[in-house]
Number of protein chains: 2
Amino acid sequence: MADRPISELYWKTPLEAARKPALNQLAKTGICGIIDPISPGTPPGSDAATLAMLGYDPLKVYSGRGALEAVGSNVKVLPGDVAFRCNFATVDKDFVVSDRRAGRIANEDASKLVESLRKVGLKKSFNVEFLFQNTIQHRAALVIHGPKLSTAVSDSDPEVAGKKVLEVKPLDSSPEAEHTAKIVNELMHEFHEVLMDHPVNKDRVKHGLPPANMVLCRGAGTIPRIMSLRQVFGIKSVCVSAISLIKGVCKVAGMNVLNVKGATGTPQTDYMAKAKAAVQALKANDFVLLHVKATDVASHDGNARLKVEIIEKIDKMLDYIFDNIDSDSTYVVVTADHTTSTVTRNHEGDPVPVAITGPYVRRDDVVEFGERTCAQGGLNRIRGMDLMHILMNLLGRSKKFGA
Amino acid sequence: MADRPISELYWKTPLEAARKPALNQLAKTGICGIIDPISPGTPPGSDAATLAMLGYDPLKVYSGRGALEAVGSNVKVLPGDVAFRCNFATVDKDFVVSDRRAGRIANEDASKLVESLRKVGLKKSFNVEFLFQNTIQHRAALVIHGPKLSTAVSDSDPEVAGKKVLEVKPLDSSPEAEHTAKIVNELMHEFHEVLMDHPVNKDRVKHGLPPANMVLCRGAGTIPRIMSLRQVFGIKSVCVSAISLIKGVCKVAGMNVLNVKGATGTPQTDYMAKAKAAVQALKANDFVLLHVKATDVASHDGNARLKVEIIEKIDKMLDYIFDNIDSDSTYVVVTADHTTSTVTRNHEGDPVPVAITGPYVRRDDVVEFGERTCAQGGLNRIRGMDLMHILMNLLGRSKKFGA
């Protein structure tokens with residue numbers, strides 16, 4: 001949601017340019033501020049930022065994307081396992097990637113390919129087992145299970161089409177990193193051998209579709225060793241999100257993850273279905289995290305107008321929430337997990353706005369919800385990991401430090 | 001530049017009292033805030049504060065003044081060497097210091113003395129070599145090279161005239177600290193023996209000048225073990241400063257240090273020559289640090305009017321810079337490395353103002369550059385070590401944390 005001022009919007013940010021009566025109501029009745037999700041100037045990844053917003057110190061607990069995304073896709077990952085986010089992709093005979101998503105291959109085709117890939121045998125000497133699981137379209141997770149593994153290995157995914165598949169390399173000098181890199185390279189080689197002549201791919205080529213003849217890996221990660229929100233704060237909590245990565249973060253924090261029909265993580269998501277699910281969930285829980293991905297999608301596409309429209313839809317979600325909760329006993333918070341610039345199309349390290357409303361908050365003079373108005377608010381400038389502690393304090397769930 | 005409100009200026013700070021159209025323009029078009037160079041309430045030394053402003057954590061990397069100043073004076077210091085800032089001084093027969101600067105001895109005299117001091121032999125058992133080098137006037141650097149040295153030793157410089165030269169003492173119980181203290185005491189003794197009867201000093205006394213019959217040491221330090229700005233942010237950077245200590249900090253950060261004709265570090269420095277050098281340097285570099293010492297000198301002298309005048313000259317430098325850079329692709333930041341009170345004449349722990357202008361910054365409502373106006377700005381209150389990260393984020397040079 002957060003952005004920088006844009007010429008196209010007469011030097012307003014999309015949030016400043018949007019019609020947003022409910023968000024302004026939140027700012028007016030609440031206490032506002034700005035948040036550095038990780039630290040001032042550091043562009044946050046969504047996973048690390050969400051961990052921080054849930055109260056964990058990202059610099060201490062973040063352990064890579066792969067495991068979080070796998071967990072969020074219902075792939076089983078055990079402590080110590082190293083997991084990767086994978087793509088089915090199309091490569092030519094020189095291993096140059098022509099399509100990083102193999103034509104966004106259908107779930108059915110991907111499932112058939114995965115069935116064959118699971119039969120691949122790894123050398124006994126590696127002393128590991130692997131789990132390979134497709135999730136949606138070209139997306140998949142690879143989990144390696146065994147002793148002496150490391151997340152300190154590079155990606156094989158070159159991130160852009162037209163480049164060669166990369167060799168996975170150890171990122172430090174430990175034998176574990178070398179061992180893990182060898183396993184992944186070997187697996188990718190074996191996968192390619194199976195995929196090349198696979199009937200599904202022969203059929204795809206016959207129908208003019210790009211064959212899924214390669215698997216690309218990235219984001220080696222393990223499960224963060226953290227206590228659950230229930231353990232830390234004694235709360236029962238739920239997450240409403242369409243995004244595997246966010247779901248994974250919430251799961252490792254011990255939250256219950258709801259699957260909402262029509263929630264897609266795209267600008268076409270069913271905003272109101274998510275708002276309704278969140279309100280419903282609040283009846284049996286202490287804390288609900290309602291996450292909308294669409295603003296980030298619009299920013300990555302450089303579409304300022306779309307971002308404004310999405311924020312106006314989010315405003316309607318908030319309006320619905322205000323109308324359907326008990327404002328005498330409920331706190332409502334709105335913030336973003338990072339700034340995404342619609343100009344650079346990247347996550348940026350600028351702070352994000354936040355507003356908290358609910359019983360007994362120290363209401364300030366801010367009357368409009370925005371990046372710059374909130375900077376004048378009573379919360380001043382805080383860190384992402386501070387937010388949950390501030391909320392739990394309002395809820396009476398914080399532990400005293402000292403006597 | 002930063003100060004406290006002063007009765008003489010009708011309870012304005014020198015910065016608030018100054019005519020400063022360019023600084024106000026910066027505040028008006030940019031985002032403002034206040035910075036704790038080290039931490040709230042901690043009076044910063046220039047060296048530690050400059051390290052922080054360059055993005056390093058001063059509490060982790062600061063390792064004493066001596067080595068930084070030596071490096072800044074082009075004296076060679078290797079990792080592990082312990083270096084001291086030294087003064088030629090005048091003492092009486094009871095080792096009471098009568099002049100801490102030996103009448104600000106001329107470079108020529110000091111060089112002749114150094115030539116003799118270099119011949120001093122240290123006991124073989126110490127297992128060290130030393131390098132002694134005069135820089136400007138009474139100033140010199142002592143570098144000790146060898147195994148098992150420590151910076152945990154006290155100063156021999158009593159800091160004020162009328163007091164006795166101090167014995168250098170170990171500041172912890174390590175054998176390294178004891179060893180280093182012994183070496184320095186022995187050297188100071190040997191130096192004194194050579195200086196007492198030196199023809200240069202006999203000649204000085206004959207001409208009514210105070211003899212440079214003692215060397216005072218302070219600020220034991222080693223080179224901080226830090227990555228260069230190029231390694232951290234991938235930037236090519238330059239420093240324009242007349243001060244050895246600042247030059248040394250910039251050198252250890254891997255910056256190129258320019259020597260500008262007329263730059264003296266005094267209120268009489270050639271301000272415009274420095275501004276021109278900075279603008280010129282920007283053409284071939286990503287980052288230029290332009291440092292002016294004069295405001296600090298005025299504060300240490302308790303001269304508020306002079307400080308106001310100097311700030312007005314700095315304002316003209318900024319005006320020149322604005323007129324000669326490409327504002328579509330350049331960020332301009334003004335801040336101070338510490339508050340110096342013109343009343344206490346000391347560095348103080350009050351925060352310093354900052355303003356950043358350039359493409360896509362979240363401009364705020366501050367229209368005047370000052371200690372108190374900037375406290376209302378959109379950056380709120382940050383740490384010294386945050387500033388560089390915020391700038392590098394604007395430049396697109398920051399690394400994402402998380403995925």
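These lines cover the structure that appears in this document, whether it is placed above or below. (Residues numbered from 1 in each chain as written. Chains lettered and ligands numbered in written order. Predicted model: local features only at pLDDT ≥ 70, side-chain atom pairs only at ≥ 80, totals over all residues. Heavy atoms only, no water.)

**Thoughts on the relation of the copies chain A and chain B**
Part 1 of the reasoning: Turning chain A through 124 degrees and shifting it by 0.3 Å along the axis lays it on chain B, with an RMSD of 0.2 Å. Classification of the inter-copy transformation places it as that of a three-fold axis. Across chain A, the rotation axis passes nearest the C-alpha of Asn380(A), at a separation of 3.7 Å.
Part 2 of the reasoning: An overlap of only 6% is found between the interface residues of chain A and their copies at the interface of chain B, pointing to separate contact surfaces. (Least-squares fit on C-alpha atoms with pLDDT ≥ 70 in both. Contact = heavy atoms within 4.5 Å.)

**Digging into the nonpolar core**
Within soluble globular proteins, side chains that are nonpolar tend to cluster in buried spots.
Part 1 of the reasoning: One finds Leu54(A), Leu229(A) and Phe369(A) to be the most contacted residues of the largest nonpolar core, which totals 80 residues.
Part 2 of the reasoning: By size, the runner-up hydrophobic cluster in this structure holds 79 residues, among which are Tyr271(B), Ile325(B), Phe369(B) and Met392(B). (Core = buried A, V, L, I, M, F, W, Y, C linked by side-chain atoms within 4.5 Å. Buried < 20%, exposed > 50% of the residue type's maximum accessible area, 1.4 Å probe, protein only.)

**A closer look at the interface of chain A and chain B**
Part 1 of the reasoning: Of the residues lining the interface, 35 residues belong to chain A; the matching set on chain B comes to 20 residues.
Part 2 of the reasoning: Carbon and sulfur atoms make up 53% of the area that chain A and chain B hide from each other, which totals about 2200 Å².
Part 3 of the reasoning: One can count zero salt bridges joining chain A with chain B.
Part 4 of the reasoning: On inspection of chain A and its partner chain B, the count reaches 14 residue pairs in polar contact (both at pLDDT 80 or more).
Part 5 of the reasoning: Class assignment of the residues belonging to the side of chain A that touches chain B gives a composition of 16 nonpolar, nine polar and 10 charged. (Buried area = accessible area lost by both parts, 1.4 Å probe. Salt bridge = Lys/Arg side-chain N within 4 Å of Asp/Glu carboxyl O. Polar contact = N/O pair within 3.5 Å; in protein donor to acceptor, adjacent residues only side chain to side chain. Nonpolar A, V, L, I, M, F, W, Y, C, P; charged D, E, K, R; others polar.)

**Section: the packing of helix α11 (residues 271-282) of chain B against helix α13 (residues 304-323) of chain B**
All names here are of chain B.
Part 1 of the reasoning: Across the interface, α11 lies against α13 with an axial gap of 9 Å and an inter-helix angle of 30 degrees. With respect to α13, the axis of α11 lies roughly parallel. In this structure, α11 crosses over α13, and the sense of that crossing is right-handed. Contacts between α11 and α13 involve Tyr271, Met272, Lys274, Ala275, Lys276 and Val279 from the former and Ile310, Lys313, Ile314, Lys316, Met317, Tyr320 and Ile321 from the latter. (Axes fitted to C-alpha atoms, helices over the stretch in contact; angles between N-to-C directions. Helix = DSSP H or I, 4+ residues; strand = E, 2+ residues; numbered from the N terminus. Parallel < 35°, antiparallel > 145°, perpendicular 65-115°, else oblique. Left-handed = near helix turned anticlockwise from the far one by under 90°.)

**Some remarks on the environment of Pro14(B)**
Residues and elements named next belong to chain B.
Part 1 of the reasoning: Following the sequence through the fold, Pro14 ends up in helix α1 (residues 14-17).
Part 2 of the reasoning: As a C-alpha pair, Pro14 and Arg85 span 71 residues in sequence and 31 Å in three-dimensional space.
Part 3 of the reasoning: Pro14 has contacts with Asp3, Arg4, Ile6, Leu9, Lys307, Val308, Ile311 and Thr342, leaving out every residue within four places of it along the chain.

**Topic: the sheet that holds strand β9 (residues 287-290) of chain A**
Residues and elements named next belong to chain A.
Part 1 of the reasoning: With parallel pairing, the three strands of this open sheet are ordered in space as β8-β7-β9. Both outer strands of the open sheet, β8 (256-258) and β9, are each paired with one neighbouring strand and no more. Strand after strand, the sheet turns through a mean of 20 degrees between neighbouring axes, direction not considered.
Part 2 of the reasoning: Examined bridge by bridge, strand β7 (residues 237-240) and β9 share four bridges and lie parallel to one another. Directly across from Cys239, in β9, lies its bridge partner Leu289. (Pairing = 2+ DSSP bridges.)

**Some remarks on the sheet that holds strand β14 (residues 380-383) of chain B**
Residue and element names in this part refer to chain B.
Part 1 of the reasoning: Reading across the sheet, the four strands line up as β10-β13-β1-β14 and stay open at both edges, with mixed pairing between neighbours. Where the open sheet ends on each side, the last strands, each with one partner, are β10 (332-335) and β14. Across the sheet, the mean angle separating the axes of adjacent strands is 30 degrees when strand polarity is ignored.

**Things to note about helix α7 (residues 175-196) of chain A**
All names here are of chain A.
Part 1 of the reasoning: With 22 residues, α7 extends 32 Å from end C-alpha to end C-alpha; this agrees with the ideal 32 Å at 1.5 Å per step.
Part 2 of the reasoning: Of the residues making up α7, those classed as buried are Ala177, His179, Thr180, Ala181, Ile183, Val184, Leu187, Met188, Phe191, His192 and Leu195.
Part 3 of the reasoning: Its buried side turned inward, α7 meets β2 (82-91), α6 (107-117), β4 (129-134), β5 (139-145), α8 (199-206) and β6 (214-221). (Expected span 1.5 Å × (residues − 1).)

**Some remarks on the layout of surface pockets**
Empty space among the atoms becomes apparent when a probe as large as a water molecule is rolled across them.
All names here are of chain B.
Part 1 of the reasoning: Roughly 1600 Å³ of internal volume is contained in the second largest pocket.
Part 2 of the reasoning: Lining the second largest pocket are 46 residues, with Arg65, Glu69, Arg85, Arg139 and Lys293 sitting closest to its centre.
Part 3 of the reasoning: Going through the elements one at a time, α3 (46-53), α5 (65-72), β2 (82-91), β5 (139-145), β6 (214-221), α10 (244-252) and α12 (294-300) are the ones with two or more residues in the lining of the second largest pocket.
Part 4 of the reasoning: The element contributing the most residues to the lining of the second largest pocket is α10, with five residues.
Part 5 of the reasoning: Across the lining of the second largest pocket, the residue classes tally to 13 nonpolar, 18 polar and 15 charged. (1 Å grid on protein atoms, 1.4 Å probe; cavity = no way out; pocket = protein on both sides within 12 Å on 5 of 7 lines; lining within 4 Å. Points joined across faces, edges and corners; volume = space filled by probe spheres on them.)

**What about unusual backbone geometry?**
Residues and elements named next belong to chain A.
Part 1 of the reasoning: The phi dihedral of Asn380 falls on the positive side, at around 55 degrees, and the residue is not glycine.
Part 2 of the reasoning: Along the chain, the position of Asn380 falls in strand β14 (residues 380-383).
Part 3 of the reasoning: Judged by relative accessible area, which is 45%, Asn380 ranks as partly exposed.

**Considerations on helix α3 (residues 46-53) of chain A**
Residue and element names in this part refer to chain A.
Part 1 of the reasoning: Within α3, eight of the eight residues are buried, which leaves it mostly tucked inside the rest of the structure.
Part 2 of the reasoning: When α3 is considered as a whole, its buried residues turn out to be Ser46, Asp47, Ala48, Ala49, Thr50, Leu51, Ala52 and Met53.
Part 3 of the reasoning: Positioned one or two residues after α3, Gly55 has a phi angle of 105 degrees, which is positive.

**Quick notes on the state of the cysteines**
Part 1 of the reasoning: According to the stated counting rule, one finds zero disulfides over all chains in the structure shown.
Part 2 of the reasoning: In this structure Cys86(A) is a free cysteine whose sulfur lies 3.6 Å from that of Cys217(A), the closest cysteine sulfur available. (Disulfide = S-S within 2.5 Å.)

**Quick look at the pattern of salt bridges**
Where charged atoms of side chains with opposite charge meet at close range, the side chains can pair.
Residue and element names in this part refer to chain A.
Part 1 of the reasoning: What the rule picks out here adds up to 32 salt bridges over all chains.
Part 2 of the reasoning: With a closest N to O distance of 2.7 Å, Arg65 and Glu69 form a salt bridge. Remark: Glu69 and Arg65 occur in helix α5 (residues 65-72); sequence separation between them is four residues, near one turn of the helix. Each of the two residues, Arg65 as well as Glu69, counts as buried.
Part 3 of the reasoning: Asp94 is the partner of Lys93 in a salt bridge, and the nearest nitrogen-oxygen pair spans 4.0 Å.
Part 4 of the reasoning: The exposure class assigned to Lys93 is exposed, which follows from its relative accessible area of 76%.
Part 5 of the reasoning: On the basis of relative accessibility, which here comes to 43%, the residue Asp94 falls in the partly exposed class.

**Description of the environment of Glu371(A)**
Part 1 of the reasoning: Inspection of the secondary structure puts Glu371(A) in helix α14 (residues 371-374).
Part 2 of the reasoning: Residue classification places Glu371(A) among the buried residues on the basis of a relative accessible area of 2%.
Part 3 of the reasoning: Separated by 355 residues in sequence, Glu371(A) and Glu16(A) have C-alpha atoms that sit 7.6 Å apart.
Part 4 of the reasoning: If we ignore the near neighbours within four places in the chain, the residues touching Glu371(A) are Met1(A), Ala2(A), Asp3(A), Thr13(A), Leu15(A), Glu16(A), Ile34(A), Pro353(A) and Arg362(B).
Part 5 of the reasoning: Within the structure, Glu371(A) has its side chain in polar contact with the backbone nitrogen of Asp3(A) (distance 2.9 Å).
Part 6 of the reasoning: Side chain to side chain, Glu371(A) and Thr13(A) meet in a polar contact 2.6 Å long.

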